[in-house]
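Okay, here's what each chain looks like letter by letter:
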Amino acid sequence: SQQGEEDPQALSIQEGENATMNCSYKTSINNLQWYRQNSGRGLVHLILIRSNEREKHSGRLRVTLDTSKKSSSLLITASRAADTASYFCATDSGNTGFQKLVFGTGTRLLVSP
Amino acid sequence: DAGITQSPRHKVTETGTPVTLRCHQTENHRYMYWYRQDPGHGLRLIHYSYGVKDTDKGEVSDGYSVSRSKTEDFLLTLESATSSQTSVYFCATLPPGALTDTQYFGPGTRLTVL
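So, how was this worked out
- Per chain, residues are indexed from 1 in the order of the written sequence.
- In the order they appear in the text, chains get letters beginning with A and ligands get numbers beginning with 1.
- The model is predicted, so local features are restricted to residues of pLDDT at least 70 and side-chain atom pairs to those at 80 or more, both for listing and for counting; the totals for chains, interfaces and linings are taken over all residues.
- Values reported for side chains reflect all heavy atoms of the structure, with hydrogen atoms and water molecules removed beforehand.
- We count a stretch as a helix when DSSP gives it H or I for four or more residues in a row; a strand needs E for two or more, and each element gets its number in order from the N terminus.
- Throughout, a contact is declared for two residues whenever any of their heavy atoms are within 4.5 Å.
- Here the accessible surface of atoms and residues is derived via Shrake-Rupley with a 1.4 Å probe, and residues count as covered only by protein chains that are part of the display.
- Two residue types count as positive, namely Lys and Arg, and two as negative, namely Asp and Glu; His and chain ends fall outside the count.
- Every charge is mapped to an atom, namely NZ of Lys, CZ of Arg, CG of Asp or CD of Glu.
- Throughout, exposure labels follow a simple rule: accessible area from a 1.4 Å probe, protein chains only, divided by the maximum for the residue type, with under 20% read as buried, over 50% as exposed, and the rest as partly exposed.
- In this description, strands pair whenever DSSP reports at least two bridges between them.
- Angles run from 0 to 180 degrees between N-to-C directions of axes, and those axes are lines fitted to C-alpha atoms, restricted for helices to the stretch in contact.
- In these notes, a set of buried Ala, Val, Leu, Ile, Met, Phe, Trp, Tyr and Cys residues joined through side-chain atoms within 4.5 Å is what counts as a nonpolar core.
- Salt bridges, as used here, are contacts in which a Lys or Arg side-chain nitrogen is within 4 Å of a carboxyl oxygen on Asp or Glu.
- Buried area: the sum, over both parts, of the accessible surface (1.4 Å probe) that disappears when the two are put together.
- Throughout this description, a polar contact denotes any pair of N or O atoms lying within 3.5 Å of each other; where both atoms belong to protein, one of them has to be capable of donating a hydrogen while the other can accept it, and for residues adjacent in sequence the pair is counted only when both atoms sit in side chains.
- Throughout, the ten residues Ala, Val, Leu, Ile, Met, Phe, Trp, Tyr, Cys and Pro are labelled nonpolar, Asp, Glu, Lys and Arg are labelled charged, and all others, Gly among them, are labelled polar.

Caption draft 1: Looking closely at the overall build of chain A. For chain A, the count of helices and strands is zero helices and 11 strands. With respect to the three principal axes, the spread of C-alpha positions in chain A is 45 × 30 × 20 Å. A fraction of 55% describes how many contacts in chain A between residues 6 or more apart in sequence connect residues 24 or more apart. As displayed, chain A offers around 5,300 Å² of accessible surface, 44% of which is attributable to carbon and sulfur atoms. For chain A, the distance from the average site of its 13 positive side-chain charges to the average site of its 10 negative ones is 5 Å.

Caption draft 2: How the structure looks around the environment of A:Ser28. All names here are of chain A. Position of Ser28 among the secondary structure elements: in the loop between strand E3 (19-24) and strand E4 (31-37). On the basis of relative accessible area, Ser28 is assigned to the exposed category, the value being 57%. For the pair Ser28 and Leu61, spaced 33 residues apart in the sequence, the C-alpha separation amounts to 24 Å.

Caption draft 3: Spatial organisation of the sheet that holds strand E7 (residues 64-70) of chain B. Residues and elements named next belong to chain B. The strand order across the open sheet built from four strands is E1-E3-E8-E7, with neighbouring strands paired in antiparallel fashion. Of all strands in the sheet, those with a lone pairing partner are strand E1 (4-7) and E7, marking the two edges. Averaged over all pairs of adjacent strands, the angle between strand axes in this sheet comes to 20 degrees, irrespective of strand direction. The sheet contact formed by E1 and strand E3 (residues 19-25) spans four bridges and is antiparallel. Within the sheet, the bridge partner assigned to Thr5 lies in E3 and is His24.

Caption draft 4: Fine view of the nonpolar core. Residue and element names in this part refer to chain A. Core analysis: the biggest nonpolar cluster contains 21 residues, and Met21, Leu32, Trp34, Leu74, Ile76, Tyr87 and Leu109 have the highest contact counts within it. Listing elements by their share of this core, those giving two or more residues are E3, E4, strand E5 (43-50), strand E7 (61-66), strand E8 (71-76), strand E9 (85-92) and strand E11 (107-112). Residue contacts for Tyr87: discarding those within four places in its chain leaves Glu6, Met21, Tyr35, Arg36, Leu46, Leu74, Ile76, Gly106, Thr107 and Leu109.

Caption draft 5: Just the pattern of salt bridges, in detail. Residues and elements named next belong to chain B. Inspection of every chain in the model, using the stated rule, returns seven salt bridges over all chains. The salt bridge partner of Asp38 is Arg36, with a shortest N-O separation of 2.8 Å. There is no split in this pair, since Asp38 and Arg36 are both buried. Its salt-bridge partner being Lys70, residue Asp73 comes within 3.3 Å of it at the nearest N-O pair.

Caption draft 6: Seen up close, the interface of chain A and chain B. Listed as interface residues are 24 residues of chain A and, on the opposing side, 24 residues of chain B. Across the chain A/chain B interface, buried area totals approximately 1,800 Å², and carbon plus sulfur atoms make up 56% of it. Run the count over chain A and chain B and you get zero salt bridges. Linking chain A with chain B are four residue pairs in polar contact (both at pLDDT 80 or more). Those elements giving two or more residues to the side of chain A that touches chain B turn out to be E4, E5, E9 and strand E10 (101-103) of chain A. Its residues assigned to classes, the side of chain A that touches chain B comprises seven nonpolar, 13 polar and four charged.

Caption draft 7: Examining the sheet that holds E3(A) more closely. All names here are of chain A. On the basis of which strands lie adjacent, the open sheet formed by five strands has the order E1-E3-E8-E7-E6 and antiparallel pairing. Each edge of the sheet is formed by a strand with only one pairing partner; in this case those strands are strand E1 (5-7) and strand E6 (55-58). Here the strands of the sheet are splayed against their neighbours by 15 degrees on average, with no regard to which way each runs. Of the pairings in the sheet, the one linking E1 to E3 comprises three bridges and is antiparallel in character. The residue bridging Glu5 from the neighbouring strand is Ser24, located in E3.

Caption draft 8: The arrangement of the environment of B:Gln6 in detail. Residues and elements named next belong to chain B. Looking at where Gln6 falls in the secondary structure, it is placed in strand E1. Through-space distance from the C-alpha of Gln6 to that of Trp34 is 11 Å; in sequence the pair is 28 residues apart. Not counting residues within four places of it along the chain, the set of residues in contact with Gln6 comprises Arg22, Trp34, Tyr89, Phe90, Cys91, Gly106, Pro107, Gly108 and Thr109.

In structure tokens:
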């Protein structure tokens, strides 16, 4: 399995600070996605970055991808209490003809007011 | 949430009993997935479907079977539940022709096997 590993497992910050979480994976990929999960809820897609992209932005989110190091990072700027959630990276190797994601173990983010 | 519902949302059952979880979608998405989520493991793929009556195994398929007789419904069955199958189960869908699109997740079913 090419399950991703996320770092840190847990992160606690104050509102207004930036939060950075990292994801490493094991094999070549077609794309990498980040999802958010609020407590007791399903996952919600945040952003997708393709293997030929190095950086992508969406609102307060910035994702980078380094395929040579098989790693990605998610930066949330100016965090808010509502950003409190678990964040998962997921990779798709893209070699099966359709999408099959392998998820990381997640980072639990706590943003305090 | 792309019109995905899961039923039941919570279930407690005993070891050895059969259990069926249902995923229903209203978006006519071709691809559907069942995952389980356990602490320390993230989400792991159990089974997936790429069309009506077309299903295949994922990473952790032992002890599970699936069926898809209609586009909108994807059933996950535990033939004889075990305590190791206590988990939160998520269904997801993917629009057709979407190799680089995103999956849409249901709200989850919390299953406890005593």
